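Summary of the model geometry
The primary structure of each chain is shown beneath.
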Amino acid sequence: DTGVSQDPRHKITKRGQNVTFRCDPISEHNRLYWYRQTLGQGPEFLTYFQNEAQLEKSRLLSDRFSAERPKGSFSTLEIQRTEQGDSAMYLCASSGRVGGARFDGTQYFGPGTRLTVL
Amino acid sequence: ELKVEQNPLFLSMQEGKNYTIYCNYSTTSDRLYWYRQDPGKSLESLFVLLSNGAVKQEGRLMASLDTKARLSTLHITAAVHDLSATYFCAATTSGTYKYIFGTGTRLKVLA
């Protein structure tokens, strides 16, 4: 397993369009997280899943944002009717117990999807 | 609601010098993490601190946790240029796996 992957790496879209991002976590990890990061800021929590259940969603996430993890493996983040303020890096991370190792909650991050809304 | 603050936000230091980055969090947390981010790249895990008094060291970096003071520190010893990056701390609200990140400390080590 080579780590967390995200697709696409870059997305340019026009205001009002819908976009969807995909995240493939480390295969043995049961937790998956989405964050948004803007320039000069730390990652901002959006939502997280344990297996296929979405356990928490940030109140900062408007109803234009939705995330799914249908089979407890990969996840998608969709933004509807994009706005210029949605321009940011969207990071995915996963965590979980691997083999017999102790679980300490360390998150492993993907390379991110950079969204630009024109 | 858990809040995490780091200081300083920017740090420019000479090679060979020592310095400390501070991470304060506002409510009880049972786990504290440090990450590194290089420009244009994603985050890389550095340390996990799970209990009061925990200390972890890797190379020129040492992290510690004081849960009573709600404070973690990242100490840099004899800085080298390769340590230039942004460092983030993150804490979790007790009993959850929701991670709150600080705003980061942008470190620049000058030759």
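Scroll up for the structure.
As a starting point, this report considers the structure included with it. (Residues numbered from 1 in each chain as written. Chains lettered and ligands numbered in written order. Predicted model: local features only at pLDDT ≥ 70, side-chain atom pairs only at ≥ 80, totals over all residues. Heavy atoms only, no water.)

**Observations regarding the environment of S58 of chain A**
Residues and elements named next belong to chain A. Among the structural elements, S58 can be located in the loop between β6 (53-57) and β7 (65-68). Since its relative accessible area comes to 8%, S58 is described here as buried. Here the alpha-carbon distance between S58 and L46, two residues 12 residues apart in the chain, equals 5.0 Å. In this structure S58 touches F45 and L46, once residues within four positions along its chain are discounted. (Helix = DSSP H or I, 4+ residues; strand = E, 2+ residues; numbered from the N terminus. Buried < 20%, exposed > 50% of the residue type's maximum accessible area, 1.4 Å probe, protein only. Contact = heavy atoms within 4.5 Å.)

**Examining the sheet that holds strand β8 (residues 75-79) of chain A**
Residues and elements named next belong to chain A. Taken in spatial order, the four strands of this open sheet run β1-β3-β8-β7, and their pairing is antiparallel. For this open sheet the edge positions go to β1 (5-7) and β7, each flanked by a neighbour on one side alone. Adjacent strand axes in the sheet meet at a mean angle of 15 degrees, parallel and antiparallel pairs treated alike. Judged from the three bridges that link them, β1 and strand β3 (residues 19-24) form a sheet pairing that is antiparallel. (Pairing = 2+ DSSP bridges. Axes fitted to C-alpha atoms, helices over the stretch in contact; angles between N-to-C directions.)

**Observations concerning the pairing of strand β7 (residues 61-66) of chain B**
Residue and element names in this part refer to chain B. Residues L61, A63 and L65 of β7 are buried on one face, while the alternating residues M62, S64 and D66, pointing to the opposite face, are not. Direction of pairing for strand β6 (residues 55-58) relative to β7: antiparallel, over a ladder of four bridges. Bridged to E58 within β7 is L61. Note: β7 against strand β8 (residues 71-76), six bridges, orientation antiparallel. For M62, the partnering residue across the bridge sits in β8 and is H75. Joining the antiparallel neighbours β7 and β8 is a turn of four residues, in which R70 adopts a positive phi near 55 degrees.

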